[in-house]
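Close look at the chain arrangement
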Amino acid sequence: MDRSVSFTLDFEDLRTDPSVQEERVGLVTDRILDRLRELKIRGTFFCVGELASRHPELIGRVVADGHELGVHGLHHIPNDLLGPDRFRSDNLEAKRILSELAGKEITIYRAPQYSLIPSTPWVPEILSELGFLVSTSVLPARSPLYGWPGAPTTPFLWPSGLIELPSPVMKLGPLTIPFLGGTYLRLLPAAVRRRGVRNAHSETVLWTYCHPWEFDPDEKFYVYEHGGWLISRVGWLNRQNMLKRVEATLRAGVGKPLGEIAATLVDLPVFDPTQDSNGSEIGAV
Ligand SMILES: [Zn+2]
């Protein structure tokens, strides 16, 4: 059983007032890239299109270092707030920006804040229409922000043919949590994380997700746009140890970039949220 973990980073900028708050995302991402190069780790960088267009040299370095690029929206707006038409035009533009910077077509996508949810079922079909092949946008659990409880926890196909690699989750008491990502990775004891890896379903593709700001203890505190003071405060905890935690997580084995893994998967089950388990259309009489 392959228990290696792939590295992914969501290249985004959460500042609420760029005229006051210093931009540090480029500086910090450069540092992360330095360390990944030392460790010979290749991962997947999901980039916000507009931010990537402001940092072409950095994206060039990501590509030159052998990492894979993916789309993370045009402006990091959750999909339920965009609606289908703007989702289509935004992601067409983000795909164009990143494909130009990469010098090849980008075909992997991650939704901002995992906003592929029961109320945005149009996302996979539009992604397929735009030429995407792989999505890593479903958090198959209840979540304070976005999540799809009951969605498969192992790779599956949407009816459009798009491959989905759901966020790895584990049970912790009454909760189901994405234990390899962001806040959980910064704050959970290492033993819990190791247990999650050990107990994961054999078909689960394990990947860790993180954000540049999580590696930046020197950033001045501000309150996030979509979170109150407490959630924002949690976002500053243990940033000084994030790199060590990521390295420890990957020490047992580094997985390939997610697009390369997805290309090897065969015979995936189809998850069609419009059908119930008997194959009947939901809502049909
Ligand atoms: Zn994001």
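The coordinates are above.
Please read these numbers as outputs of a predicted model, since none were measured by experiment.

What follows covers the overall build of the protein. Of regular secondary structure, the protein possesses ten helices and ten strands. Rg of the C-alpha trace for the protein: 18 Å, near the compact-globule value of 19 Å for 285 residues, within the 12% margin. The dimensions of the protein, computed from C-alpha atoms along their principal axes, are 60 × 40 × 40 Å. For the protein, the proportion of its 285 residues judged to be buried stands at 40%. Long-range pairs, those at least 24 residues apart, make up 75% of the contacts in the protein between residues at least 6 apart in sequence.

To continue, consider the nonpolar core. Ranked by internal contacts, the top residues of the largest apolar core, which has 63 residues, are Phe11, Cys47, Ala52 and Leu98. Here the element with the most residues in this core is helix H4 (residues 79-102); it accounts for six residues. If we skip the residues at most four places from it in the chain, Cys47 touches Phe11, Ala52, Ile59, Leu69, Val71, His72 and Leu98.

Mapped onto the elements, Pro84 comes out in helix H4. Overall, the presence of 14 C-beta atoms within 10 Å leaves Pro84 in the partly exposed class. Sequence spacing of Pro84 and Thr120 is 36 residues, and the spatial spacing of their C-alpha atoms is 8.2 Å. Discounting residues that sit within four places of it in the chain, Pro84 has contacts with Trp122 and Ile126.

The two faces of strand E3 (residues 68-71) match: Glu68 and Gly70 on one face and Leu69 and Val71 on the other face are all buried. Bridge count for strand E2 (residues 44-47) against E3 is four bridges, and the pairing is parallel. Paired with Phe45 across the two strands is Leu69, which belongs to E3.

Glancing now at unusual backbone geometry. The backbone of His76 sits at a positive phi, close to 65 degrees, despite the residue not being glycine. Relative to the assigned elements, His76 resides in the loop between E3 and H4. Judged by local crowding, His76 falls into the partly exposed class, with 17 C-beta atoms found within 10 Å.

It is at 11 Å that the axes of helix H1 (residues 25-39) and helix H3 (residues 56-64) come closest, and there the two elements cross at 15 degrees. Taken together, the axes of H1 and H3 lie roughly parallel to each other. At the point where H1 passes H3, the crossing takes the left-handed sense. Counting all contacts with H1, which are made through Gly26, Thr29, Asp30 and Leu33, the residues of H3 involved are Leu58, Arg61 and Val62.

The α-helix advances 3.6 residues per turn, and as a result positions three or four apart in sequence lie on the same side. Three or more residues of helix H9 (residues 242-250) are buried, namely Met242, Val246 and Thr249. Down the axis of H9, the buried set is contained in an arc of 60 degrees. They therefore lie on one face.

The rules behind these values
- Residues numbered from 1 in each chain as written.
- Predicted model: local features only at pLDDT ≥ 70, side-chain atom pairs only at ≥ 80, totals over all residues.
- Helix = DSSP H or I, 4+ residues; strand = E, 2+ residues; numbered from the N terminus.
- Rg over C-alpha atoms; globule rule 2.2 N^0.38 Å.
- Buried ≥ 20, exposed ≤ 12 C-beta atoms within 10 Å, placed from the backbone.
- Contact = placed C-beta atoms within 7 Å.
- Core = buried A, V, L, I, M, F, W, Y, C linked by C-beta atoms within 7 Å.
- Pairing = 2+ DSSP bridges.
- Axes fitted to C-alpha atoms, helices over the stretch in contact; angles between N-to-C directions.
- Parallel < 35°, antiparallel > 145°, perpendicular 65-115°, else oblique.
- Left-handed = near helix turned anticlockwise from the far one by under 90°.
- Arc of directions from axis to C-beta.

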